[in-house]
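# Structure at a glance
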Amino acid sequence: MQTEEFISIETFCAYHGVEFAFINTLEEFGLLELPTINQTKCIPSVQLAHLEKIVRLHFDLDINMEGIEAIVHLLNRIENLQAEITALKNQLRLYEDI
Amino acid sequence: MEIIDYYKVLGLDKNAGEKEIKKAFRKLARKYHPDLNPSDKAAQKKFQQINEANEVLSDPEKRAKYDKYGKDWEHAEAFEKARQTQRQSGGGEGYRFSEGTSSEDFSDFFNSMFGGSRSADSARTVKFRGQDYHAELSLSLTDVYKTHKRTLTVNGKNIRISIPAGVDNGQAIKIKGHGGPGINGGPNGDLYITFSIANHSRFKRVGNDLFTTNELDLYKAVLGGEVIVDTLDGQVKLLLKPETQNGSKVKLKGKGFPVYKKEGEFGDLYVTWSVKIPGNLSEKQKALFEELSKLSS
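To start, this report covers the structure provided alongside it. What you see is a predicted model; the values in this text were computed from it and never measured.

## What about helix 4 (residues 65-92) of chain A?
Residues spaced three or four apart along an α-helix face the same direction, because each turn holds 3.6 residues. Here helix 4 of chain A spans 40 Å end to end across 28 residues, near enough to the 40 Å set by a 1.5 Å rise per residue. When helix 4 of chain A is considered as a whole, its buried residues turn out to be Met65, Ile68, Ile71, Val72, Leu75 and Asn90 of chain A. Residues of helix 4 of chain A that are buried make contact with helix 2 (20-28) and helix 3 (48-61) of chain A together with strand 6 (204-206) of chain B.

## Things to note about empty space enclosed by the protein
Any empty space left between atoms is shown by rolling a water-sized probe over those atoms. Going through the model one piece at a time under the given rule, you end up with one cavity of 30 Å³ or more. Estimated volume of the largest cavity: approximately 70 Å³. Looking at the largest cavity, the residues that line it are Asn90 and Arg93 of chain A together with Leu141, Asp168, Asn169, Ile197, Ala198, Asn199 and Arg205 of chain B. For the lining of the largest cavity, the per-class residue count stands at three nonpolar, three polar and three charged.

## Description of the sheet that holds strand 7 (residues 209-217) of chain B
All names here are of chain B. The strand order across the open sheet formed by four strands is 6-7-11-10, and the pairing between neighbours is mixed. Each having just a single partner strand, strand 6 and strand 10 (249-252) make up the two edges of the open sheet. Taking each pair of neighbouring strands and ignoring which way they run, the sheet shows an average axis angle of 30 degrees. Relative to strand 11 (residues 269-276), strand 10 runs antiparallel, the two sharing four bridges. The partner of Lys249 across the bridge, within strand 11, is Thr272.

## Topic: the environment of Ser201 of chain B
Along the polypeptide, Ser201 of chain B turns up in the loop between strand 5 (191-197) and strand 6. Distance from Ser201 of chain B to Thr212 of chain B, taken between C-alpha atoms, is 9.4 Å for residues 11 residues apart in sequence.

## With respect to helix 2 (residues 18-32) of chain B
The end-to-end C-alpha distance of helix 2 of chain B is 21 Å, a good match for the 21 Å that 15 residues give at a rise of 1.5 Å each. Residues of helix 2 of chain B that are buried sit in contact with helix 3 of chain A together with helix 1 (6-9), helix 3 (41-57) and helix 4 (60-69) of chain B.

## Considering the packing of aromatic side chains
This structure, assessed with the given rule, holds six aromatic pairs over all chains. Relative to Phe59 of chain A, the ring of Phe22 of chain A has its centre 5.0 Å away and its plane inclined at 55 degrees; by these criteria the two rings are tilted. Residue Phe22 of chain A is found in helix 2, and its partner Phe59 of chain A is found in helix 3; the two are separated by 37 residues along the sequence. An angle of 45 degrees between the planes, with centres 6.3 Å apart, marks the rings of Tyr145 of chain B and Phe266 of chain B as tilted. A residue pair is termed long-range when its members are at least 10 positions apart, and Tyr145 of chain B in the loop between strand 1 (133-139) and strand 2 (148-154) and Phe266 of chain B in the loop between strand 10 and strand 11 qualify at 121 residues. Residue Tyr145 of chain B is classed as buried on the basis of its relative accessible area of 11%. When its relative accessible area of 36% is taken as the criterion, Phe266 of chain B is described as partly exposed. The structure contains a cluster of three or more aromatic residues connected by ring pairs, namely Tyr6, Tyr7 and Tyr66 of chain B. Of note, Arg202 of chain B hangs over the ring of Phe203 of chain B, and the distance from its end group to the ring centre comes to 5.9 Å.

## A few points about the nonpolar core
The biggest cluster of nonpolar side chains holds 44 residues, and the ones touching the most others in it are Phe22, Ile23, Leu26 and Leu51 of chain A together with Leu10 and Leu57 of chain B. Counting only elements with at least two residues in this core, the list comes to helix 1 (9-16), helix 2, helix 3 and helix 4 of chain A together with helix 1, helix 2 and helix 3 of chain B. Leu10 of chain B has contacts with Ile21, Ala24, Phe25, Leu28, Ile50, Ala53, Asn54 and Leu57 of chain B, leaving out every residue within four places of it along the chain. If you look at the next biggest cluster of nonpolar residues, it comprises 35 residues, including Leu152, Leu191, Leu210 and Val271 of chain B.

## Brief notes about unusual backbone geometry
Located in the positive-phi region is Asn38 of chain A, a residue other than glycine, with phi close to 50 degrees. Here Asn38 of chain A shows up in the loop between strand 2 (36-37) and strand 3 (40-44). With relative accessibility at 70%, the residue Asn38 of chain A sits in the exposed group. With a phi close to 60 degrees, Lys261 of chain B is a non-glycine residue in the positive phi region. Inspection of the secondary structure assignment puts Lys261 of chain B in the loop between strand 10 and strand 11. Judged by relative accessible area, Lys261 of chain B falls into the exposed class, the value being 63%.

## A closer look at the packing of helix 2 of chain A against helix 3 of chain A
Residue and element names in this part refer to chain A. It is at 12 Å that the axes of helix 2 and helix 3 come closest, and there the two elements cross at 110 degrees. Overall, the two elements helix 2 and helix 3 adopt an arrangement that is roughly perpendicular. Note on element contacts: helix 3 touches helix 2 through Leu51, Ile54, Val55, His58 and Phe59, opposite Phe22, Ile23 and Leu26. Partitioned by chemical class, the residues of the contact of helix 2 with helix 3 number seven nonpolar, one polar and no charged.

Procedures and definitions
Residues numbered from 1 in each chain as written. Chains lettered and ligands numbered in written order. Predicted model: local features only at pLDDT ≥ 70, side-chain atom pairs only at ≥ 80, totals over all residues. Heavy atoms only, no water. Helix = DSSP H or I, 4+ residues; strand = E, 2+ residues; numbered from the N terminus. Expected span 1.5 Å × (residues − 1). Buried < 20%, exposed > 50% of the residue type's maximum accessible area, 1.4 Å probe, protein only. Contact = heavy atoms within 4.5 Å. 1 Å grid on protein atoms, 1.4 Å probe; cavity = no way out; pocket = protein on both sides within 12 Å on 5 of 7 lines; lining within 4 Å. Points joined across faces, edges and corners; volume = space filled by probe spheres on them. Nonpolar A, V, L, I, M, F, W, Y, C, P; charged D, E, K, R; others polar. Pairing = 2+ DSSP bridges. Axes fitted to C-alpha atoms, helices over the stretch in contact; angles between N-to-C directions. Phe/Tyr/Trp six-rings, centres within 6.5 Å; stacked < 30°, edge-to-face > 60°. Lys NZ or Arg CZ within 6 Å of the ring centre and 35° of its normal. Core = buried A, V, L, I, M, F, W, Y, C linked by side-chain atoms within 4.5 Å. Parallel < 35°, antiparallel > 145°, perpendicular 65-115°, else oblique.

Okay, here's the thing in structure tokens:
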């Protein structure tokens, strides 16, 4: 992966006005994995939307870390179930008449 | 224009205090926040109403105006004209959901009454990605058999996109940066296009495999021989084995649907044989079938 696919945590924190400690806590809770590149903790750009969602849940809705953990888990389950439903619906189309 | 009862939206009575408004808002926001209700347009609409109600009721000035003129729109416009010389002041708490808030996110009622903008100090001044847009594109099965380009109009802008062969019904692709504009200088949101692929009259698709039914005359089914089968990629000649049963299947490897983003890879085509019983038999044909019947009993 190329370095431009990562954003330093400092940049993210400054951009979103959040404390570095908040990101550290997310990492401690296993909600984020932050690789270190050139001695700087970074976030992969593909995880940016996920992190922004967590920021919103915490700061906008006052949801604590335990709550965020549960929400993220349930949202992942919903996503998987939706993918499964779509696949099943597509299989059912085999029996549909035009 | 529909007059919105902001108190009803938040489930409050007219005498609700600041704390009650805040509490009701937080409770409903947690229930309907778009992050917690992905792809749920009804929840997003509800969240927008809740946000709008809070925007008005948590700001004493806006609330006073709403209480006074909310049910009498013509007077409110007159009130607004008189107010134009006065400096507006903001207040109250509002959620700045990163999937975008603009005047388009408020009702016509709100935009006319309050100018469609939030209080300047009503939210954290952070940069956020713009709103993600969602669109549905209806295509035929043959459209997605080959990679092709298509121009779409999204919110008045033309976007030329490449649609990869093998895209599935219900699948969504992300077009980066083509969503709503960022907030406070944040990046643009993304555009998600969900494909709705209509069933084909002859071919049914499950994953990368295609299924079709071919009619076969009785004599060919019994004696075997060459048959021509239609595929999405043209016709193929098959050697049919003798005594092929009605409802039996044959797999044509690699004649199915292209595998998404794997050039040159294809699923399989399953052909179900439907044996057609001959009709309008001549006397001679009937006699021969009777003879056959006697031979086999």
